[in-house]
Amino acid sequence: MASSQTRTDASPDVADDDDDFQDAFDVEPVAEGDMDLDTALTEAKLAINYFFNNKFCEARSLLRPWAHSSMYHSVGNCVFAFLEAMLTFEQQHIIEASEALKLCLHVCNSHRKKTTITETIGKTFKRSNYDQFTEMEAHAELCSAEALLLKAMLTFVEDETLTSLIKGGMKIRTCFNSYKECNNILNQRNWRNDASKSHFESGVRMGMGTFNLMISLLPSRVIKLLEFIGFSGNKQTGMQDLIAGSRMTGIRQVLCVMTLLGYHLIVCYVLSHQEGDLEFCDEMLSEQLQMYPEGVWFLFFKGRLEFMKGNLDDSLYWYKKSWRSQDVWPQFHHLCFWELLWVNCVKLDWREATQFATYLVERSKWSRTIYTYQKAVIMMMINPNELTKTESDTIEQLMRDVPKYKQRIAGKSLPMEKFAIKKTERFFIQQRQLTLPCIELMYLWNTFKILGKHFSLGDNILKLIDKALNDMDIKPNVSKYDSDNKALLLLLKGACLRQMKSPMQSLKCLEAVINLNKDIKEDLYIVPYAIVEIGLLYADQGRKENAIAALEDAKKNYTGYSLESRLHFRIHTALTELKGKHDYITSVAE
C-alpha cells in the first residue's frame, strides 16, 4: 500500500539530496503522544509571549520536550536553533540548526495529507477539494513551508559554494509553492474552527506577504527571471497581507509586525532611496511595547525608529536599553553595537563610535573585514593632533589586517569587503591617508537620509566636507588619485545638500563630479552614484522625465564599478515609483 501513496501539490517538485525532502510514505511514524492541535497552538502562543518578553529559557523549555512529535513545538524549537546559528555563525550551531530543521520537516511530513496516485492524477483534470484536508493536515502544510524557508536560508551559510547557493534557491522556490498551496487551503477550505483558521491565516499572510514584498524589491531583470521560473512579487499585495496579519489574533501576528518593522525601518533605508512609514511604525511599536515592555526586539526597533527620525539621543537610549535587556544571547548585542556605532558617527563622536567598532571587531564573526576597516576609518576621523602614537599604529595595523579576513560566498567575495580591501590599498599608496573614509561609508550605507531630519546634523557633516575641499585646494597635488578624492568630496557634498533641501547647490556639486569622469582613476562608482543623486534630485522637484532619464543613464551606461548591485536596488525602487511597476517591468522586457 505504501507505494500507492504520494505527496499533495504542496510537496517539493525538485530533486534534492537532503533527506528532508522525502515523500510522506518514506517517513517513519512519529509518536503523537497526547498533544492535540488546539493544545499545541495554545502552547505555541505561550512560547511566543515568553520569547518576546526575553524569557528565552522558559520558551525553549516549553518547546523542546515535544519537538519530536508536535509540529508547532518543533517549528518553535527550529526558530531558536536558526537564530542562534545566524547570530553566531559558528559551525556547531549551524549543524545543530540543520538537524533541528530535518527533525521538524520529519514531524511535519508525518502529519501532512497523503493522497493515492489515482487522486493525484485526478487533480490534473479537476480542481482540488481542500475540504478533504483536516485541520491538522492544513497546519502541517503551513509548518512545513515555514521550516523549508528556514532550511533554505540556512543552506546559504552551511557552506560557501555555488552548489549550496543553487540548492538554497531551489528550496526557496519549493517553499514559495508550499505557501501558495496554503493560500489555496485558506481560501477554499470550509473552516469550522475560527481560532484555528485565524492562526493558519496569520501564517499564510506572513509568508505570502513577505515573499511578495521582498521579490518586489529586486532589480527588474532579476524579477523577470524569477517570474519565468514561477516566482512573482507585488509590493501592494504583500503590504496588504502583512498589515492584515498584524491585526489578527493568530500566533504569527507578532511575526507580521516584525516583518513590517524590518521593512519600514531597515530594508527601505538600506536598499532604496525611500523612507519607511515612520508614523505607522510608531503606532505599531507603541502597541507592542505595551505587551512586551522589555522585549529586546521591540526596544531595538524603537531605537531604530528614533534614529530614522534624527532623534540621536533618544535613539542611543533605546538601543542601549535593548542591548542591556538580556544576556542569554550576547550575539544580539552586536546588532545594537552596529547601530550605536553609526548613531555616534552622525553625532561626530568618533571616540564613542570607536568603542562600539572595537566591540564588533573583537566579538562578532559576521564580517571581520568590514568591522576592521570600519574601526580604522572611524579612528582616522579623530583630529590627528589628538591621536596618540599607539592609536596611529593601531590604525595602520588595522588596515593591514583588513584583507586577512576576506570571505567568499559561492566562490565570490562580498562586494563591501572588496570595497574595503581596495580602500586599504589606497591608504598605503596615499601615504597612509584616505579622504573622509567614514563619511564615505555613511553615504554608502544610506545613513545620509538622516541628515535632512535636523539642519544641524547635515550642517555638521557639510562643514567637514567643505574643510576637506579647502585643504585640497590649498595643497599641491601629491597623488594620482587627486581627481578621485575630489570627486568623492563633491559627491558627498552634493548628496548632503540634497538632503538639506538645497537643490541648486547640490546639482552644481554633482555636475562637477560628472565633469571629472575622465580623470578618475579607480573610484569608478562615484560617477554613476552622482548621476543617481541627480535623478533623485529631479524626482524631489517633481521633474519626472528628467529623473527617469538620469536613472536610466546610470543603469544602462555604467557597469563594472564597486557596489554596482547596491546602486541598482536604489535605481529599481526609484524607477518603479516614477513609472509604476507594470509599465516599468514591461519596458524592461521589451
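Being a predicted model, the structure only gives us computed values, none of them experimental.

Draft legend 1. Region of interest: the packing of aromatic side chains. In this structure the tally under the stated criterion is 32 aromatic pairs. Here Tyr 292 and Phe 298 contribute two aromatic rings whose centre-to-centre distance is 5.7 Å and whose plane-to-plane angle is 10°, an arrangement assigned as stacked. Considered together, Tyr 292 and Phe 298 belong to a single accessibility category, that of buried residues. A connected cluster of aromatic rings, assembled from ring pairs, spans Phe 51, Phe 52, Phe 56, Phe 80, Tyr 292, Trp 297, Phe 298, Phe 300, Phe 301, Tyr 319, Trp 329 and Phe 332. It is Lys 113 that lies over the ring of Phe 133; its NZ or CZ is 5.9 Å from the centre. Residue placement shows Arg 368 over the ring face of Tyr 405; its charged tip is 4.2 Å from the ring centre.

Draft legend 2. How the structure looks around a negative patch on the surface. Taken together, the side chains of Asp 277, Glu 279, Glu 283 and Glu 287 present a region of like negative charge at the surface. Considering the arrangement of structural elements, one finds Glu 283 in helix 12 (residues 278-291).

Draft legend 3. The arrangement of helix 16 (residues 350-363) in detail. Counted at 1.5 Å a residue, the expected span for helix 16 with its 14 residues is 20 Å, and the 20 Å between its end C-alpha atoms agrees. Lining the buried residues of helix 16 we find helix 14 (312-323), helix 15 (332-346), helix 17 (368-380), helix 20 (437-444) and helix 21 (455-474).

Draft legend 4. Structural context of unusual backbone geometry. The phi dihedral of Asn 54 falls on the positive side, at around 70°, and the residue is not glycine. Tracing the backbone through its elements, the reader meets Asn 54 in the loop between helix 1 (37-52) and helix 2 (56-63). You will see that Leu 348, though not glycine, has its phi angle at about 65°, which is positive. Along the chain, Leu 348 turns up in the loop between helix 15 and helix 16.

Draft legend 5. Just the packing of helix 25 (residues 544-557) against helix 26 (residues 564-579), in detail. Interhelical geometry of helix 25 versus helix 26 gives an angle of 150° and a closest axis separation of 10 Å. As summarised for this structure, helix 25 and helix 26 are arranged roughly antiparallel, according to the angle between their axes. When you trace helix 25 past helix 26, the crossing you get is left-handed. The segment helix 25 lies against helix 26, with Lys 544, Ala 547, Ile 548, Leu 551, Glu 552, Ala 554 and Lys 555 engaging His 568, Ile 571, Ala 574, Leu 575, Leu 578 and Lys 579. Looking at the contact of helix 25 with helix 26 residue by residue, the classes come out as eight nonpolar, one polar and four charged.

The rules behind each value
Residues numbered from 1 in each chain as written. Predicted model: local features only at pLDDT ≥ 70, side-chain atom pairs only at ≥ 80, totals over all residues. Heavy atoms only, no water. Phe/Tyr/Trp six-rings, centres within 6.5 Å; stacked < 30°, edge-to-face > 60°. Buried < 20%, exposed > 50% of the residue type's maximum accessible area, 1.4 Å probe, protein only. Lys NZ or Arg CZ within 6 Å of the ring centre and 35° of its normal. Patch = residues over 30% accessible without salt bridge, like charges linked within 9 Å, V, L, I, M, F, W, Y side chains within 5 Å. Areas by Shrake-Rupley, 256 points an atom, 1.4 Å probe, with all protein chains shown as cover. Salt bridge = Lys/Arg side-chain N within 4 Å of Asp/Glu carboxyl O. Lys, Arg positive; Asp, Glu negative; His and termini not counted. Charge placed at Lys NZ, Arg CZ, Asp CG, Glu CD. Helix = DSSP H or I, 4+ residues; strand = E, 2+ residues; numbered from the N terminus. Expected span 1.5 Å × (residues − 1). Contact = heavy atoms within 4.5 Å. Axes fitted to C-alpha atoms, helices over the stretch in contact; angles between N-to-C directions. Parallel < 35°, antiparallel > 145°, perpendicular 65-115°, else oblique. Left-handed = near helix turned anticlockwise from the far one by under 90°. Nonpolar A, V, L, I, M, F, W, Y, C, P; charged D, E, K, R; others polar.

Without other data, these values stay purely geometric and don't point to any function.
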